[in-house]
Amino acid sequence: MYKLVAIDLDGTLLNSYGEVSEATKNALQKAKNQGVEIVLASGRPISSTESLAIELGVDNYLISGNGSAVFDIKNQKVIYDRFLNKEQVLKIAKLCEKNSFFYNVYTEDEVIASSLNYNVLFYYKENLKKIEEKRTHINVVQNIEKYIEESGKEKFLKITVCDESQFIFNSIMKRLKMIEDIDVLETAYMSKKKIKSGTEDVDIQYFYTEVTNKNVNKWSAIEFLLEKLNINKEEVLTIGDNMNDIEMIQNAGLGIVMGNSNPKMKEIAKEIVSDNNSEGVLEAFNKFILR
């Protein structure tokens, strides 16, 4: 029996419109009622992940910023963190500004950006369907570097850098990897999401990478929870789709990836389920969790 299930959000639990089906919500509740600890493990800010966790009723713990923080929802506090500091963030911001790379900075409660584009545009469109307290807080500022220098903020989850040109993106990756004491996520394929514009579906497609502090990943955050909850790694099931899920897929008792996953993820997974628009998470729960 699996005692803890960690689930990625974008591209996994959420469909291309950022939604969770009623059938999947019901499956999560049934698993919780059976005593399974369900943990959302996302790259999103704490506040954004928390609102979804509460909505789904899986509201004990969450993992945010790709493993940069574990948040205790009941007690409203961070119980594990591996944050980027201001000096690290400013170093990356200067590089992005100098080369005109689009980037945004994630704190515990907001995404700081200079415009609504790429991932930030998707969050904005997703917010339009939600009440105020369940939205991802987007803070659009004129100059990110100046804002961070003057804001007094000292803790940062991650930085996302995006571009729709693979040539420019490869240049971004090369420059970021020259910076010491950070981890740069290896992604080799486009993020593909959908938004509604009137009655039309509009694709948002872009290459992206995510920058965190050194040795940050979702599995390390899960290990912290396993020790706290006295659960063995063989009793853990993880579900993901992208390279920021690789460690938790490799190390869990059962690592499952979605049909829409990065091809490299499919090579290391123990199981592959349907894609995120075809109830892949529900399929995994029905097959491996629900009695």
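As a reminder, the structure under discussion sits directly above these lines.
Residue indices follow the written sequence of each chain, beginning from 1 at its first position. Confidence filtering applies because this is a predicted model: local features only for residues at pLDDT of at least 70, side-chain atom pairs given and counted only at 80 or more, and all residues used for totals across whole chains, interfaces and linings. With hydrogens and water stripped out, all remaining heavy atoms of the structure feed into the side-chain values.

A. Representation of the overall build of the protein chain. In this description a helix means any DSSP run of H or I spanning at least four residues, a strand means any run of E spanning at least two, and both kinds are numbered starting from the N terminus. The secondary structure content of the protein chain amounts to 10 helices and 15 strands. Whereas a compact globule of 291 residues would reach a radius of gyration of roughly 19 Å, the protein chain reaches 18 Å, a difference of no more than 12%. C-alpha atoms of the protein chain, sized along the principal axes, occupy 55 × 45 × 40 Å. Residue contacts are counted whenever heavy atoms from the two residues lie within 4.5 Å of one another. Residue pairs at least 24 apart in sequence account for 62% of intrachain contacts in the protein chain once pairs closer than 6 positions are excluded. Element-wise, carbon and sulfur atoms account for 44% of the exposed surface of the protein chain, whose accessible area totals about 13,000 Å². Counted as positive: Lys and Arg. Counted as negative: Asp and Glu. His and the chain ends are not counted at all. Here the site of a charge means atom NZ of a Lys, CZ of an Arg, CG of an Asp or CD of a Glu. A distance of 1 Å separates the average location of the 37 positive side-chain charges in the protein chain from that of its 44 negative side-chain charges. Radius of gyration here uses only the C-alpha atoms, and the compact-globule reference equals 2.2 Å multiplied by the residue count raised to the power 0.38. The accessible surface values rely on the Shrake-Rupley method and a 1.4 Å probe; as for residues, cover is taken only from the protein chains in view.

B. Inspection of the sheet that holds strand β2 (residues 37-41) at higher detail. Note: two strands are recorded as paired if DSSP finds a minimum of 2 bridges between them. Taking strand neighbours across the sheet as the criterion, the 8 strands line up as β5-β4-β3-β2-β1-β13-β14-β15 in an open arrangement whose pairing is mixed. In this open sheet, the two edge strands, each paired with only one partner strand, are β5 (77-81) and β15 (271-272). For strand β1 (residues 4-7) and strand β13 (residues 236-240), the ladder comprises 4 bridges, and the chain directions are parallel. For valine 5, the partnering residue across the bridge sits in β13 and is leucine 237. For helices, the axis comes from a line fit to the C-alpha atoms of the stretch in contact; other axes are also lines fit to C-alpha atoms, and the angle between any two N-to-C directions lies between 0 and 180 degrees. Helix-sheet contacts for helix α2 (residues 46-56) involve β2, β3 (61-64), β4 (69-72) and β5, and the interaxial angle to β3 is about 145°. Where helix α7 (residues 218-229) meets the sheet, its contacts fall on β1, β2, β3, β4, β5 and β13, and the angle it forms with β3 comes to roughly 160°.

C. Region of interest: the packing of helix α1 (residues 22-33) against helix α10 (residues 280-288). Put simply, α1 and α10 touch, their axes get as near as 9 Å, and they point 35° apart. For α1 against α10, the interelement crossing comes out left-handed. Contacts between α1 and α10 pair Ala23, Thr24, Ala27, Leu28 and Ala31 from the former with Val281, Leu282 and Phe285 from the latter. We call Asp, Glu, Lys and Arg charged. Ala, Val, Leu, Ile, Met, Phe, Trp, Tyr, Cys and Pro are nonpolar, and the rest, Gly among them, are polar. Here the contact of α1 with α10 is built from residues that sort into 7 nonpolar, 1 polar and no charged. Handedness of a crossing follows from how the near helix is turned relative to the far one, being left-handed for an anticlockwise turn of less than a right angle and right-handed for a clockwise one.

D. How the structure looks around the packing of aromatic side chains. Only centres within 6.5 Å qualify two rings of Phe, Tyr or Trp (six-membered ring in Trp) as a pair; their planes then separate them into stacked at under 30 degrees, edge-to-face at over 60, and tilted for everything else. Counting across every chain of the model gives 6 aromatic pairs. Aromatic side chains phenylalanine 169 and phenylalanine 207 sit 5.8 Å apart centroid to centroid with 25° between the ring planes, which places their arrangement in the stacked category. Placement of phenylalanine 169 in helix α6 (residues 166-176) and of phenylalanine 207 in strand β12 (residues 200-213) is noted, with a sequence separation of 38 residues between them. A ring is scored as having a charge over it whenever the NZ atom of a lysine or the CZ atom of an arginine sits within 6 Å of its centre and within 35 degrees of its normal. Taking NZ or CZ as reference, lysine 158 lies 4.5 Å from the ring centre of tyrosine 106, over its face.

E. The arrangement of the nonpolar core in detail. Grouped together as the largest cluster of nonpolar side chains are 73 residues, with contacts concentrated most on Ile7, Leu13, Ile222, Ile239 and Phe285. If one sorts the elements of this core by residue count, α7 sits on top with 5 residues. Apart from residues no more than four positions distant in its own chain, phenylalanine 285 is found in contact with Val5, Ile7, Ala27, Leu28, Ala31, Ile38, Ile239 and Leu290. One finds Leu84, Val141, Phe156 and Ile172 within the second-largest nonpolar core, a separate group that totals 26 residues. The nonpolar core is taken to be a set of buried Ala, Val, Leu, Ile, Met, Phe, Trp, Tyr and Cys residues, with the residues joined through side-chain atoms within 4.5 Å. Between buried and exposed lies partly exposed: a residue is buried under 20% and exposed over 50% of the maximum accessible area for its type, with that area taken using a 1.4 Å probe on protein chains only.

F. The arrangement of the pattern of salt bridges in detail. We count a salt bridge whenever a side-chain nitrogen from Lys or Arg sits within 4 Å of a carboxyl oxygen from Asp or Glu. Under the definition given, this model contains 20 salt bridges. The salt bridge partner of lysine 25 is glutamate 55, with a shortest N-O separation of 3.5 Å. In this pair, lysine 25 is assigned in helix α1 and glutamate 55 in helix α2, connecting sequence segments 30 residues apart. On the basis of relative accessible area, lysine 25 is assigned to the buried category, the value being 19%. Its salt-bridge partner being lysine 214, residue aspartate 183 comes within 3.6 Å of it at the nearest N-O pair. Of this pair, aspartate 183 sits in strand β10 (residues 182-184) while lysine 214 sits in the loop between β12 and α7, and the two are 31 residues apart along the sequence.

G. A look at the environment of leucine 121. The topology assignment puts leucine 121 in helix α4 (residues 118-127). Assessed through its relative accessible area of 22%, leucine 121 is described here as partly exposed. Residues leucine 121 and aspartate 72 lie 49 residues apart in sequence; the distance between their C-alpha atoms is 29 Å. Sequence-distant contacts of leucine 121, defined by excluding residues within four places in its chain, comprise Leu116, Ile195 and Ile204.

H. Region of interest: the pairing of β12. With 5 bridges connecting them, strand β9 (residues 158-163) and β12 associate as antiparallel partners. By the bridge assignment for β12, threonine 160 is matched with glutamate 210. Examined bridge by bridge, β10 and β12 share 3 bridges and lie antiparallel to one another. Across the sheet, residue aspartate 183 finds its bridge partner in β12, namely threonine 212.

I. Structural view of the side chain of asparagine 242. Checked against the element boundaries, asparagine 242 lands in the loop between β13 and α8 (246-251). On the basis of relative accessible area, asparagine 242 is assigned to the buried category, the value being 5%. Pairs of N or O atoms within 3.5 Å make up the polar contacts considered here, provided that, within protein, one atom can donate a hydrogen while the other can accept it, and that residues adjacent in sequence are counted only when both atoms are side-chain atoms. Side-chain polar atoms of asparagine 242 contact the side chain of tyrosine 208, separated by 2.4 Å. The residues touching asparagine 242, leaving out its near neighbours within four places in the chain, are Thr187, Tyr189, Tyr208, Asn262 and Met265.

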